[in-house]
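The chain contents come next:
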Amino acid sequence: MVGREMRCPRPARRSSLSLPGERREGMATAALQLLCRPALSRAQLRQVHAQLLTSSLLADRFFPNELLRSLLPAHPLRALRLFPRLRRILPSFRPNNYTFSFLLTAAAATAPPSLDSPAHAQRLVSSLHALAAVLAWDAHVYVANGLIHAYASHGLLRAARRLFDESLSSCRTDVCSWTSLLTAYANAGQLHEARALFDGMPRRSEVSWSAMLSAYVAAGSFADAVHLFEEMLRSGVRPNRAALVGVLAACGALGALEQGRWVHAFLSARGGGHAIMDGVVATALVDMYAKCGSLDTARQVFDAMAAEQRDVFTYTAMISGLSDHGRCREAIDLFAQMQAQGVRPNEVTFICVLTACGRAGLVDRAKEIFRGMAKVYGVEPGVEHYGCLVDVLGRAGLLREARDVVRAMPMRPDSYVLGALLNACTAHGDVELGKQVVGWLAELGLDHSGVHVQLSNMYAGSSKWEDVLKVRRTMEEKNVVKVPGCSMVEVDGVACEFVAGDRSHPCMREIMSAVRDLDRELRLFGHDCYLDEFARRFELESSGQ
């Protein structure tokens, strides 16, 4: 997550007219509690006004700003509600640049469902903008930055860009303005505009770099994120926590183990500049190593962390890695250790551990964990958890029980749930239930190309060739095209992508030779995986036969 550069300035020193500290604080707290109520009558407003009149608080011109600031960052909506009430009971209160900085910070942090709609958000920010203009504070650099940030935070890009261009022409922008607008473009999926803004920045801070890097990661442009990180280091900028977490996420997604190791070495040697090896960065390392298949190193990083650093995200990353790489019983044991340490699992943790149970064939354990979600931890199972349970039952061949779980779900099943049941039907050759599942998918509009291919394969496995032809004709009539699969592998630090049917790689013949050798080795262990047939088909295609 990118740290925001928008900062609230501290008000100047308080007036010397003040009550003893404890009494002043008590009266201010009482007034604040009353003023922040959702509904406030005229009588209650008069009561607050009377309390303030009998104290020196009304004589302190900094008091309103202190009240607003005390509500941030925890209660932005209460701060916005407090402002008009302060103006009603304090006629002499004139908002200044500090006031608008606090209010605009609150407006930027107040997002749906706090606000009813984007139109409501626009009215809120526009009203503050209009008031700042009337009081001649809109030209102040803090206020201008706050307005750009508030517009941008609510996705109001046209208004944010118009104000940014006006501020740019009058030299009122700084790195905060540029970064706020860049982040808004990235959040709106306009990566090209975000990069153009980044390239045009006269000065970039570590937050600007991490904002652009995080934008690439969020958009799935992982290679660009890694390249940007390298450029960041060449520019002499020390990466902050957000940049380090982002580049490690990119390395994990690419399977770029060597580059991930380099980042780890950089952290160990230099402490990553300003960043420290805290729990967040260590968790990112665990996740990166696990996704790259280096489970032992992931476990070493995990074990080296202090017990208080291992939170639910750390445990979940390690459990997920162990489960994804076949070490399912270790994953389930780690889940038990997590419970013993008093770390509460979240929704994702349950998905990971249920998946591990399915791969390990532990049906009873999966049922126990599923039942305990709501009963023990108050986590209501979602559609993903039902999908995991269906997968556990399906892998174990309990197809009718899996079907009953789908029928009893309190929500509509999605493609993941029905796909798990269809996969089980394919694996166990249950054509009739498979046809029923395909029918459910069609009713929900989820019958994509993979569903038709699976149904065709089921018929072929049962030697029902006429049904195979019917499925293929249906695919042709509906113009259903099978989406080619792809895979990625890192070789000598370079990530190479392979798409099904693509033969353009310069080392394709060597690859096919290795596939044939692998097929021979697997057959020695009794595995019939048809790799040799795949290599022979490639040779025929290459020779034009």
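Residues numbered from 1 in each chain as written. Predicted model: local features only at pLDDT ≥ 70, side-chain atom pairs only at ≥ 80, totals over all residues. Heavy atoms only, no water.

Engineer: Can you help me understand the overall build of the protein in this one?
Structural biologist: Helix and strand counts for the protein stand at 28 helices and 2 strands. Counting only residues that meet the buried cut, the protein has 46% of its 545 residues in that class. In the protein, the share of contacts with a sequence separation of at least 24, taken over all contacts with a separation of at least 6, comes to 61%. (Helix = DSSP H or I, 4+ residues; strand = E, 2+ residues; numbered from the N terminus. Buried < 20%, exposed > 50% of the residue type's maximum accessible area, 1.4 Å probe, protein only. Contact = heavy atoms within 4.5 Å.)

Engineer: Explain helix α10 (residues 191-199) here, please?
Structural biologist: Inspection of α10 places Leu191, Ala194, Leu197 and Phe198 among the buried residues, and these make up the whole buried set. When α10 is viewed along its axis, its buried side chains cluster within an angular range of 125 degrees and face the same direction. (Arc of directions from axis to C-beta.)

Engineer: Is there a simple way to explain a positive patch on the surface in this structure?
Structural biologist: The grouping of Lys435, Lys464, Lys470 and Arg473 at the surface amounts to a positive patch. Of note, Arg473 is situated in helix α26 (residues 465-477). Look at Arg473 and you get partly exposed, because its relative accessible area is 47%. (Patch = residues over 30% accessible without salt bridge, like charges linked within 9 Å, V, L, I, M, F, W, Y side chains within 5 Å. Areas by Shrake-Rupley, 256 points an atom, 1.4 Å probe, with all protein chains shown as cover. Salt bridge = Lys/Arg side-chain N within 4 Å of Asp/Glu carboxyl O. Lys, Arg positive; Asp, Glu negative; His and termini not counted. Charge placed at Lys NZ, Arg CZ, Asp CG, Glu CD.)

Engineer: What should I look at first to understand helix α21 (residues 383-395) in this one?
Structural biologist: Residues that lie three or four places apart on an α-helix share one face, since the helix turns once every 3.6 residues. Taking 1.5 Å as the rise per residue, α21 with 13 residues should run 18 Å; its terminal C-alpha atoms sit 18 Å apart, in good agreement. Burial runs high along α21: 11 of the 13 residues are buried. Lining the buried residues of α21 we find α19 (347-360), α20 (363-377), α22 (399-408) and α23 (415-428). Within two residues after α21, Gly397 carries a phi angle of roughly 80 degrees, on the positive side. (Expected span 1.5 Å × (residues − 1).)

Engineer: Which parts of the structure should I look at to understand the nonpolar core?
Structural biologist: In terms of nonpolar packing, the biggest core is built from 143 residues, with Leu68, Leu182, Met212, Met318, Val390, Leu421 and Val437 touching the most fellow members. With 8 residues, the single largest contributor to this core is helix α9 (residues 175-187). Discounting residues that sit within four places of it in the chain, Val390 has contacts with Ala402, Val405, Val406, Val417, Ala420 and Leu421. (Core = buried A, V, L, I, M, F, W, Y, C linked by side-chain atoms within 4.5 Å.)

Engineer: Would you mind going over the packing of aromatic side chains with me for this structure?
Structural biologist: What characterises a pair of aromatic rings is the spacing of the ring centres plus the angle enclosed by the ring planes. What the rule picks out here adds up to 8 aromatic pairs. A ring pair is formed by Phe83 and Phe93, whose centres lie 6.2 Å apart and whose planes are at 80 degrees; its orientation type is edge-to-face. In this pair, Phe83 is assigned in helix α4 (residues 76-89) and Phe93 in the loop between α4 and α5 (97-109), connecting sequence segments 10 residues apart. Both residues of the pair, Phe83 and Phe93, count as buried. Aromatic side chains Phe335 and Phe350 sit 6.0 Å apart centroid to centroid with 65 degrees between the ring planes, which places their arrangement in the edge-to-face category. Here Phe335 is found in helix α18 (residues 328-340), whereas its partner Phe350 is found in helix α19, with 15 residues between them in sequence. (Phe/Tyr/Trp six-rings, centres within 6.5 Å; stacked < 30°, edge-to-face > 60°.)

Engineer: How do you make sense of the pattern of salt bridges when you look at a structure like this?
Structural biologist: Tallied over the full model, the rule gives 15 salt bridges. The partner of Arg195 in a salt bridge is Glu231, with the nearest N and O atoms 3.7 Å apart. Here the residue Arg195 occupies a position in helix α10, and Glu231 occupies one in helix α12 (residues 222-234), the gap between them amounting to 36 residues. Here Glu231 falls in the partly exposed class, since its relative accessible area comes to 25%. A network of salt bridges, in which partner residues are shared, links Arg195, Asp199 and Glu231.

Engineer: Sorry if this is basic, but what is going on with the confidence of the model for the protein here?
Structural biologist: Caution applies to low-pLDDT parts of the model: their predicted coordinates are not meant to be read in detail. Per-residue pLDDT for the protein averages 82, and the proportion of residues at 70 or more is 76%. In this model, residues 1-7 is a region of pLDDT below 50 whose contacts with residues beyond four sequence positions or in other chains number 23 contacts. The low-confidence segment residues 12-20 (pLDDT under 50) makes 18 contacts with residues lying over four places distant or belonging to another chain. (pLDDT = per-residue confidence, 0-100.)

Engineer: Would you mind showing me how to read unusual backbone geometry here?
Structural biologist: Glycine aside, negative phi is the norm for most residues, and most peptide bonds take the trans geometry. Of note, the bond from Leu72 into Pro73 is cis; its omega dihedral lies within 30 degrees of zero at 5 degrees. Counting through the fold element by element, Pro73 comes out in the loop between α3 (63-70) and α4.

Engineer: Is there a simple way to explain the environment of Glu347 in this structure?
Structural biologist: With respect to the helices and strands, Glu347 occurs in helix α19. Taking the C-alpha atoms as reference points, Glu347 and Thr316, separated by 31 residues in sequence, lie 9.8 Å from one another. The residues touching Glu347, leaving out its near neighbours within four places in the chain, are Val379 and His385.

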